[in-house]
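# Survey of secondary and tertiary structure
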Amino acid sequence: MMKSGYEFQSEFARSYVAKGVEKGRQEGREQGILEAKAHDVLAFLDARGLEVPAEVRERVLASTDVAELDRWIHRAASVGDARELLATTGS
């Protein structure tokens with residue numbers, strides 16, 4: 001185990017650790033964006049008074065595609081039923 005406050009002596013080690021930290025931050029930002037967009041979709045449907053079945057909620061929350069979530073945000077404005085959100089045809 002490393003002691004707290006340890007500083008790597010080699011430039012390679014410092015660079016390697018720094019890249020890992022930055023990669024973790026980037027992945028965290030991307031995950032945060034996905035979660036926020038998924039919650040936006042669900043909030044939009046809720047604000048429109050539409051019941052969101054569990055299978056729709058689960059699918060939206062499981063999405064890892066930003067473009068898909070953006071499409072669903074726009075579709076949430078016009079669908080008459082939350083299930084229509086996931087339909088592959090239409091806009």
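Keep in mind it's a predicted model, so treat the numbers as computed, not measured. By convention here, each chain's residues receive numbers from 1 onward along its written sequence. Local features in a predicted model are, by the rule used here, given only for residues with pLDDT of at least 70; side-chain atom pairs are given and counted only at 80 or more, and totals for whole chains, interfaces and linings are based on all residues. Derived side-chain values reflect all non-hydrogen atoms in the structure, with water molecules and hydrogen atoms excluded from consideration.

### A few points about a nonpolar patch on the surface
- Patch definition: residues above 30% relative accessible area lacking any salt bridge, with like charges linked at up to 9 Å and the nonpolar side chains Val, Leu, Ile, Met, Phe, Trp and Tyr linked at up to 5 Å. Computed by Shrake-Rupley with a 1.4 Å probe, the accessible areas treat only the displayed protein chains as cover when residues are assessed. Salt bridge, as applied in this entry: a Lys or Arg side-chain nitrogen positioned within 4 Å of an Asp or Glu carboxyl oxygen. Residues Phe 12, Tyr 16 and Val 17 make up a contiguous nonpolar surface patch of about 380 Å² in total accessible area.
- For Tyr 16, the position within the fold is in helix α1 (residues 11–47). By definition, any uninterrupted DSSP run of H or I lasting at least four residues is a helix, any uninterrupted run of E lasting at least two residues is a strand, and each is numbered from the N terminus.

### Focus: the pattern of salt bridges
- One pass over the structure, following the stated rule, counts four salt bridges.
- One salt bridge in this structure joins Arg 59 and Glu 68, with 3.7 Å as the shortest N-O distance.
- Residue class for Arg 59 comes out partly exposed when judged on its relative accessible area of 40%.
- One salt bridge connects Arg 83 with Asp 81, and the closest N-O pair in it is separated by 3.3 Å. Remark: exposure states derive from per-residue accessible area (1.4 Å probe, protein chains only) relative to the maximum for the residue type, with buried under 20%, exposed over 50%, and partly exposed in between.

### Section: the side chain of Glu 68
- Here Glu 68 shows up in helix α3 (residues 66–75).
- For Glu 68, a relative accessible area of 16% gives the class buried.
- By the criterion applied in these results, polar contacts are pairs of N or O atoms within 3.5 Å in which, for protein atoms, one can donate a hydrogen and the other can accept it, and in which residues neighboring in sequence qualify only through two side-chain atoms. At a separation of 2.6 Å, a polar atom in the side chain of Glu 68 contacts the side chain of Ser 63.
- Contact between two residues is taken to exist if any of their heavy atoms lie within 4.5 Å; hydrogens are not considered. Not counting residues within four places of it along the chain, the set of residues in contact with Glu 68 comprises Arg 59 and Ser 63.

### With respect to α3
- Those residues of α3 that fall on the buried side of the exposure criterion are Glu 68, Leu 69, Trp 72, Ile 73 and Arg 75. An end-on view of α3 places all buried positions within 165 degrees of arc, on one side of the element.
- Where α3 begins, one side-chain oxygen reaches toward the backbone nitrogen of Ala 67, 3.0 Å away; that side chain belongs to Asp 65. Directions from the helix axis toward the C-beta atoms define the arc.

### Observations regarding the nonpolar core
- Of all hydrophobic cores here, the largest spans 17 residues; its most connected members are Val 41, Leu 45, Val 56, Val 60, Trp 72 and Leu 85.
- Those elements that place two or more of their residues in this core are α1, α2 (54–62) and α3.
- Considering every element that reaches this core, the biggest residue donor is α1, with five residues. In plain words, nonpolar cores are sets of buried Ala, Val, Leu, Ile, Met, Phe, Trp, Tyr and Cys residues tied together by side-chain atoms within 4.5 Å.

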